[in-house]
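# Observations on the three-dimensional arrangement
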Amino acid sequence: MTKPRVAILAMGGTIAGSAASDTATTGYKAGALGVEALLSGVPAVRKVAEVTGEQIASLDSKDMDGATWLKLAARCNELLAGDTDGIVITHGTDTLEETAYFLHLTVHSRKPVVLTGSMRPATALSADGPMNLFNAVGLAAEPEAAGRGVLVCLNDQIDSARHVTKAHTTATSTFKSPGLGALGYMNDGHPAFYSKVQRCHTYESEFEAEGLQELPYVKIIYGHADDDALFVDAAIAAGARGIVYAGTGNGSIHRRAEAALARASQAGIIVVRSSRTGCGAVLPAEQSYLDAHFLQGDTLNPQKCRVLLQLALTRTRDWQEIQQMFYRY
Ligand code: ASP
């Protein structure tokens, strides 16, 4: 029987990290090992798939940028339009959820795309990378994983790119989908699915990464007691096309920041209310927010609101259309 063809695209991160000793789990160099070294550490992946490796980047994912997202999305689309059956992307965990959601919106295929990473460097005792990579390849090789959008697989758990977030600084069980739940679990390299993501993604998405040279400039501003207009005014002055406000509670905004955001909105900058709470939908609240045309970010966390707003701004500047996109994706 022929095995599914799975392409491993390596981006760097802790899964490719090297530390000075096997007991060091912090203070290592992320992205030090190449894709061949990663694969040679997990020979079992070749039992489940015909794997090929490609080094796309060697980043500590805190340094991720829009140009790398565009390059990665283009490569995924190219591979999946050919005879590749599935893709695994090894990635640092810090911004993994943002890359995953970007691909969830810009890869136009039903074939599985799975992101994985690790919390312990490859050189550590009980490194979690090898099992995560094995599970990710098993998932990408599995026809049942198709049509579910971009998946994130670490610690035996399968999450949707739309819902998942890094929720712990150091634990191997860091990835959670707060309030929405995991899609399934990996058992001995095979997935068991229990739910599906409802919102549009991948093959149904209207967003195109191809042809874009860069992504619109969108900033996140974090709300707090005693907040003021400083960062909003700075974003306006810097030419931001969008602002995501990580508000308190249900996307609430300090009155001093609100006045500045209303000025931004008036100047044509799209303002999206999100929440710093980490769980739940941001719903319409104060009448003044609606009057100022601030949008609701729904259940997307601030960093994912930023991704969707960047892509939305490549299609339109109409706040009502963009609000609908926040309900569609
Ligand atoms: N700083 C690392 C990175 O995001 C952390 C990790 O890989 O988990 O690349």
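These lines cover the structure that appears in this document, whether it is placed above or below. (Residues numbered from 1 in each chain as written. Predicted model: local features only at pLDDT ≥ 70, side-chain atom pairs only at ≥ 80, totals over all residues. Heavy atoms only, no water.)

A word on the side chain of Glu97. Position of Glu97 relative to the elements: it lies in helix H4 (residues 96–106). Comment: no salt bridge for buried Glu97; closest opposite-charge side chain is Lys304, at 5.0 Å. Within the structure, Glu97 has its side chain in polar contact with the side chain of Thr165 (distance 2.7 Å). In this structure the side chain of Glu97 is engaged in a polar contact, spanning 3.0 Å, whose partner is the side chain of Asn301. (Helix = DSSP H or I, 4+ residues; strand = E, 2+ residues; numbered from the N terminus. Buried < 20%, exposed > 50% of the residue type's maximum accessible area, 1.4 Å probe, protein only. Lys, Arg positive; Asp, Glu negative; His and termini not counted. Salt bridge = Lys/Arg side-chain N within 4 Å of Asp/Glu carboxyl O. Polar contact = N/O pair within 3.5 Å; in protein donor to acceptor, adjacent residues only side chain to side chain.)

With that settled, consider the site of the ligand. The ligand sits among Gly13, Thr14, Tyr28, Asp60, Ser61, Gly92, Thr93, Asp94 and Ser118. Thr14 places a side-chain nitrogen or oxygen 2.7 Å from an oxygen atom of the ligand. Here an oxygen atom of the ligand and a backbone polar atom of Asp94 are 3.1 Å apart. Look at the ligand: alone it shows 260 Å² of surface, and the protein chains cover 92% of it. When its residues are assigned to classes, the shell around the ligand shows 1 nonpolar, 6 polar and 2 charged. (Near = heavy atom within 4 Å. Areas by Shrake-Rupley, 256 points an atom, 1.4 Å probe, with all protein chains shown as cover. Nonpolar A, V, L, I, M, F, W, Y, C, P; charged D, E, K, R; others polar.)

Their axes nearest at 9 Å, the elements H4 and helix H9 (residues 302–313) cross at an angle of 35 degrees. In the packing of H4 onto H9, the handedness of the crossing is right-handed. Along the contact surface, H4 presents Glu97, Glu98, Tyr101, Phe102, Leu105 and Thr106, while H9 presents Gln303, Lys304, Val307, Leu308 and Leu311. For the contact of H4 with H9, a count of residues per class yields 6 nonpolar, 2 polar and 3 charged. (Axes fitted to C-alpha atoms, helices over the stretch in contact; angles between N-to-C directions. Left-handed = near helix turned anticlockwise from the far one by under 90°. Contact = heavy atoms within 4.5 Å.)

This part is about the nonpolar core. Ranked by internal contacts, the top residues of the largest apolar core, which has 51 residues, are Ile87, Ile89, Phe102, Leu103 and Leu309. When neighbours within four sequence positions are excluded, Ile87 is seen to be in contact with Ala7, Leu9, Cys76, Leu79, Leu80, Pro112, Val113, Val114 and Ala140. Listed in part, the 28 residues of the second largest apolar core include Leu133, Ala145, Cys153 and Phe193. (Core = buried A, V, L, I, M, F, W, Y, C linked by side-chain atoms within 4.5 Å.)

The next point concerns the sheet that holds strand S10 (residues 190–193). Pairing between the strands of a sheet is mediated by backbone hydrogen bonds and can be parallel or antiparallel. An order of S2-S1-S3-S4-S5-S6-S9-S10 is seen for the 8 strands of this open sheet, with the pairing classed as mixed. The open sheet has two edge strands, strand S2 (50–59) and S10, and neither has a second partner. Across this sheet, the average inter-strand angle for adjacent strands is 25 degrees, counted without regard to direction. Taken together, the 4 bridges between strand S9 (residues 184–187) and S10 define a ladder with antiparallel strand orientation. From the neighbouring strand, Gly184 faces S10, where its bridge partner is Phe193. Along the sheet face, H4 touches strand S3 (86–90), strand S4 (113–116), strand S5 (151–154) and strand S6 (157–160) and points at about 170 degrees away from the line of S4. Sitting on the sheet, helix H5 (residues 129–140) touches strand S1 (5–12), S2, S3, S4, S5, S6, S9 and S10, and the angle it makes with S3 is about 160 degrees. (Pairing = 2+ DSSP bridges.)

Read from one edge to the other, the open sheet built from 4 strands follows the order S11-S12-S13-S14, with strand pairing classed as parallel. In the strand order of this sheet, the two ends are held by strand S11 (218–222) and strand S14 (295–296), each with one partner. Looking at chain direction, S11 and strand S12 (residues 242–247) are connected through 5 bridges and run parallel. Among the inter-strand pairings, Ile220 is bridged to a residue of S12, identified as Val244. Its contacts with the sheet put helix H7 (residues 255–266) on S12 and strand S13 (270–275), and the angle it makes with S12 is roughly 155 degrees.

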